[in-house]
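Each chain is listed here by its residues.
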Amino acid sequence: MIKLRKLTICLSMLALSLITTTASADETKKDRLIYSLDTGMGITGDRGNVGTPLQQDYDVAIRINDKKFVGMTIAAVRVPMGEVENISNLKVWLSKELKLETVNGKKTNVPDVLSQDVAMAKGWIEVPLEHPYTITDEGIYVGYSFKMDKLDDTNKRPVRITTELHEGGLFLHTSRSYRSWTDVSDQCSSLLQVELDGAPMYAASVLPGTTTYFGATGRENSVTFYVENHGATGVKSIEYAYTYDGKNLTGSYKLPTALSSIYGVTTSFDVKLPSVENKNYYPLDITITKVNDNDNDDEEKQTSSQICIFDKLPKHRAVLEEYTGTWCGYCPRGYVGLAAMNRLHPEDFIALSYHNSESADNPDPMEVMPGQYFPSVITSFPGAWVDRAYEVDAYGGFWASSKDLGIETVWQAVCDMLAEADINVDATISDDNSTVTATATLNFPLKIDNAKYGVEYVLVADGLTGTGQGWDQRNYYANGKQGKDFSEPEFKQFVEGDSYVSGLKFDDVAIATTRLTGDNQYLPESIEQDNDYKLTATFNLNKVRNTQNQPIIQDIKKLRVVAMLIDYNDGTVVNAAKTGYFADHAGISNVNTNGNFEIRTIYDISGRKLDAMQKGLNIVKTVDGKTTKIFMK
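Residues numbered from 1 in each chain as written. Predicted model: local features only at pLDDT ≥ 70, side-chain atom pairs only at ≥ 80, totals over all residues. Heavy atoms only, no water.

Trainee: Explain the overall build of the protein chain to me, please; I cannot follow it from the model alone.
Mentor: Scanning the protein chain for helices and strands turns up five helices and 42 strands. Per-residue burial for the protein chain yields a buried fraction of 53% across its 633 residues. In the protein chain, the share of contacts with a sequence separation of at least 24, taken over all contacts with a separation of at least 6, comes to 75%. Surface summary for the protein chain: the accessible area is close to 27,600 Å², and the carbon and sulfur share equals 45%. (Helix = DSSP H or I, 4+ residues; strand = E, 2+ residues; numbered from the N terminus. Buried < 20%, exposed > 50% of the residue type's maximum accessible area, 1.4 Å probe, protein only. Contact = heavy atoms within 4.5 Å. Areas by Shrake-Rupley, 256 points an atom, 1.4 Å probe, with all protein chains shown as cover.)

Rendered as structure tokens:
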């Protein structure tokens, strides 16, 4: 059998669901291809400014070195300028090399192809070249330069940029802070645009969303491809042909928002595949045949992929693990993110909140493990990961300062990826309220050899609350200090609250995990197709305490269990499930709170003793004699 491939998110493709790609500012009306590094791709596609707050002169450049542009002619350059009251001597230039020569005692940029004076203006300045230049195999630098006559509040950072990252995206030379030409393309890219003649008028490539799609028998399956503009007229509509299950099929798509004439702007379109009755891998080839009702002249108009058809598709429930503390002033973001997601997706959203103490003198009463035992490495608070694979903000998602609930979009995008197995979990509590027993049922749609899977169970408490030390949440959002226009109503209590907010009820709190008690359950190395695997673990409620050795369970009726299928090849979460609350039992007073759980020693895989867990595989021994393996990201 073919081993099931693990899906990963291509961040640029994930971002297409997060960022609307439209025409850039004030695009030219000419039928020219626009070379721009601001294509709307990538989760870091914001625009901004860079520079050093010093009075200095600037030289700014990008490099065009892609062979696809050889033979095209640079007809014009479009320069993005901000406030220009104290800016002068603007020039646009081309050069095969970035060279500096000493002129009047100053290092000066000396272009070797052309330099052209430009009238200063605010905004986009379109500069037709007096001598258009045809790009050769050796590539070309395109740049602009200006003099700063006086430093003011509007020109401290005068270079307009996008936070997209591209090779050759930005080179800087200044008279004071960048004394030599410096490549800063690993940080950002220039917004400079180049207008090209000689490009095909109607051209677009097609890109797959993944190497392998997945679908189910007996139904129409929809798969997503991406169309990328390579032509001077942009893309308003496409026609395509594809082969699937031995059939030659066609389709068309009219874009709701046309792609501009910028090279590389991209949007998605869905292809609906007819139903098939047999499980199998099916080749899938697709060609964009026409762009804007004209033949597609692109050299990359075809791509090949495949779709794996199952009888049933596993439901993927992504896990958001939040790392927080009541001492942390920005951690209300996570509190609100989890509350809003539970409100919006009560059935499928799974969250685990790991609390951390600032110090022994300022403990968080919900901390049940020191930070070095967290399942992911956290360098600052608040922190969060989705499926132990994607580091996020528990409220803003990929935008840590966002006032919108970006985590919903990221979480949904991960849930839309195929999981390698179905997982369900049931749990019961003993009659004497001392033990919780959880059983996970797993089913894999394909046979998998050399598997390294296990199940981690986490005991979760909702509604934890208290008074006194550690229970009041520190709040940097008090009195609207970080703004008031947050999208979710759960933020109101913090925006309108004081610097400490009391009386909160904390949900999704991880209070015990089999990862640390040595009770993780493991699957065999050879996974059979469509076979139910049942794995069971228990929690001794007598031992569930915080790091101050205090009982943490407040209400047995508000306990739940989360089961996570872990791929121990990389420590990521494959899929997860959660139980509801346990059936009514006697109150917390019947729980015996004697006893404690404590880690005694930690070893690496070669048997060397460690002071704390490290990245990779750790061997942990507890005071009750149990040994467990813990994978740290």
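Following the structure, the description resumes.
Trainee: Please clarify how the packing of aromatic side chains should be interpreted in this entry.
Mentor: How two aromatic rings sit relative to each other is set out by the distance from centre to centre and by the angle between their planes. Per the counting criterion, the structure on display carries 32 aromatic pairs. Ring centres of Tyr330 and Tyr477 lie 6.0 Å apart, and the angle between their planes is 85°; on these two criteria the pair is classed as edge-to-face. In this pair, Tyr330 is assigned in the loop between strand E25 (319–324) and helix H2 (332–344) and Tyr477 in the loop between strand E32 (473–474) and helix H4 (492–495), connecting sequence segments 147 residues apart. On the numbers, 6.5 Å between centres and 80° between planes, the contact of Phe491 with Phe494 is edge-to-face. (Phe/Tyr/Trp six-rings, centres within 6.5 Å; stacked < 30°, edge-to-face > 60°.)

Trainee: It is not clear to me how the nonpolar core should be interpreted in this structure. Could you clarify?
Mentor: Side chains that are nonpolar tend, in soluble globular proteins, to be buried together. Ranked by size, the top nonpolar core spans 71 residues in total, and within it Leu442, Phe444, Tyr457, Ile511 and Leu565 carry the most contacts. Residues contacting Leu442, with those up to four places away along its chain left out, are Asp422, Ile423, Val455, Leu523, Asn531, Asp532, Tyr533, Leu535 and Leu565. The next biggest cluster of nonpolar side chains, apart from the first, holds 41 residues, and it includes Phe69, Ile87, Val92 and Ile161. (Core = buried A, V, L, I, M, F, W, Y, C linked by side-chain atoms within 4.5 Å.)

Trainee: Would you explain the sheet that holds strand E10 (residues 140–148) in this entry?
Mentor: Backbone hydrogen bonds are what pair the strands of a sheet, in a parallel or an antiparallel way. With respect to topology, six strands assemble into an open sheet ordered E8-E5-E10-E3-E12-E13, the strand pairing being antiparallel. One side of each edge strand has no neighbouring strand; the edge strands of this open sheet are strand E8 (114–117) and strand E13 (182–183). With four bridges connecting them, strand E3 (residues 58–64) and strand E12 (residues 171–174) associate as antiparallel partners. Bridging across to E12, Val60 finds its partner in Leu172. (Pairing = 2+ DSSP bridges.)

Trainee: Please explain the pairing of strand E24 (residues 302–310) as it appears in this structure.
Mentor: Across a regular strand the side chains alternate sides, sitting on one face of the sheet and then on the other. Across the nine residues that make up E24, a large majority, seven, are buried. With five bridges connecting them, strand E17 (residues 212–216) and E24 associate as parallel partners. If you follow Phe214 over to E24, its bridge partner there is Cys308. With eight bridges connecting them, strand E22 (residues 280–291) and E24 associate as antiparallel partners. When the bridges of E24 are listed, Tyr281 appears paired with Cys308.

Trainee: Hey, could you run me through the state of the cysteines in this one?
Mentor: Note on terminology: a disulfide is the covalent bond linking the sulfur atoms of two cysteines. Inspection of the entire model under this criterion finds one disulfide. Paired by a disulfide, Cys328 and Cys331 hold their sulfur atoms 2.4 Å apart. Negative torsions about the S-S bond denote left-handed disulfides, and the value of about 85° found for Cys328 with Cys331 makes this one right-handed. By the burial criterion, Cys328 is buried, and Cys331 matches it. (Disulfide = S-S within 2.5 Å.)

Trainee: Got a minute to help me understand the pattern of salt bridges in this structure?
Mentor: If the charged atoms of two oppositely charged side chains come close together, the side chains can form a pair. Counted by the stated rule, this structure contains 27 salt bridges. The salt bridge partner of Lys99 is Asp112, with a shortest N-O separation of 3.8 Å. Taken together, the positions of Lys99 in the loop between strand E5 (87–95) and strand E6 (100–103) and Asp112 in the loop between strand E7 (106–109) and E8 put the pair 13 residues apart, joining distant regions of the chain. Judged by its relative accessible area of 29%, Lys99 falls in the partly exposed class. Residue Arg388 is joined to Glu456 by a salt bridge in which the shortest nitrogen-to-oxygen separation is 3.0 Å. In this pair, Arg388 is assigned in the loop between strand E27 (383–386) and strand E28 (390–392) and Glu456 in strand E31 (residues 453–461), connecting sequence segments 68 residues apart. Of the two residues, Arg388 and Glu456, both sit in the buried class. The network of salt bridges with common partners includes Arg32, Arg78, Glu195 and Asp197. (Salt bridge = Lys/Arg side-chain N within 4 Å of Asp/Glu carboxyl O.)

Trainee: What am I meant to see in the sheet that holds strand E2 (residues 47–50) here?
Mentor: Read across the sheet, three strands follow the order E2-E11-E14 without closing on themselves; strand pairing throughout is antiparallel. Edge positions in the open sheet fall to E2 and strand E14 (189–190), since each of these has one partner strand only.

Trainee: What is the right way to read the pairing of strand E36 (residues 532–540) from this model?
Mentor: Burial along E36 is one-sided: the residues Tyr533, Leu535, Ala537 and Phe539 are buried and none of Asp532, Lys534, Thr536, Thr538 and Asn540 is. As paired strands, strand E30 (residues 435–443) and E36 are joined by nine bridges and run antiparallel to one another. Among the inter-strand pairings, Thr435 is bridged to a residue of E36, identified as Asn540.

Trainee: How should I be thinking about the side chain of Ser145 in this particular structure?
Mentor: Its place among the elements puts Ser145 in strand E10. Here Ser145 falls in the buried class, since its relative accessible area comes to 10%. At a separation of 2.8 Å, a polar atom in the side chain of Ser145 contacts the side chain of Trp93. Those residues in contact with Ser145, other than ones at most four positions away along the chain, are Tyr58, Asp59, Asn89, Leu90, Lys91, Trp93 and Asn109. (Polar contact = N/O pair within 3.5 Å; in protein donor to acceptor, adjacent residues only side chain to side chain.)

Trainee: Can you walk me through the confidence of the model for the protein chain in this structure?
Mentor: The predicted coordinates of low-pLDDT regions are not to be read in fine detail. Per-residue confidence for the protein chain gives a mean pLDDT of 88, with 87% of residues at or over 70. Confidence drops under a pLDDT of 50 for residues 1–28, and excluding neighbours within four residues, the segment shows 81 contacts in the predicted structure. A low-confidence stretch, residues 584–597 stays under pLDDT 50, and its non-local contacts, those more than four residues away or across chains, total 34 contacts. (pLDDT = per-residue confidence, 0-100.)

Trainee: Is there a simple way to think about helix H3 (residues 406–415) in this case?
Mentor: Residues lying three or four places apart along an α-helix face the same way, a consequence of the helix completing one turn every 3.6 residues. Counting buried residues along H3, seven of its 10 residues qualify, which places the element largely inside the surrounding structure. Buried within H3 are the following residues: Gly406, Ile407, Val410, Trp411, Ala413, Val414 and Cys415.

Trainee: Quick question: what am I supposed to make of unusual backbone geometry here?
Mentor: With glycine set apart, most residues show a phi of negative sign, and most peptide bonds adopt trans. In this structure, Pro382 follows Phe381 across a cis peptide bond, with omega equal to 0°. In this fold, Pro382 is placed in the loop between strand E26 (350–355) and E27. Positive phi, normally seen in glycine, also occurs at Asn104, with a value near 55°. When you line up the elements, Asn104 lands in the loop between E6 and E7.

Trainee: Sorry if this is basic, but what is going on with H2 here?
Mentor: The terminal C-alpha atoms of H2 lie 18 Å apart, and with 13 residues this matches the ideal 18 Å at 1.5 Å per residue to within 8%. Considered for burial, the residues of H2 that qualify are Pro332, Arg333, Gly334, Tyr335, Val336, Gly337, Leu338, Ala340 and Met341. Each element contacted by the buried residues of H2 is listed here: E25, E26, H3, E32 and H4. (Expected span 1.5 Å × (residues − 1).)

Trainee: Would you explain the environment of Ile87 in this entry?
Mentor: Structurally, Ile87 is set in strand E5. The buried category is assigned to Ile87, whose relative accessible area is 6%. Sequence separation between Ile87 and Phe146 is 59 residues; the distance between their C-alpha atoms is 6.8 Å. Residues contacting Ile87, with those up to four places away along its chain left out, are Met81, Met120, Phe146, Lys147, Met148, Asp149 and Asn155.

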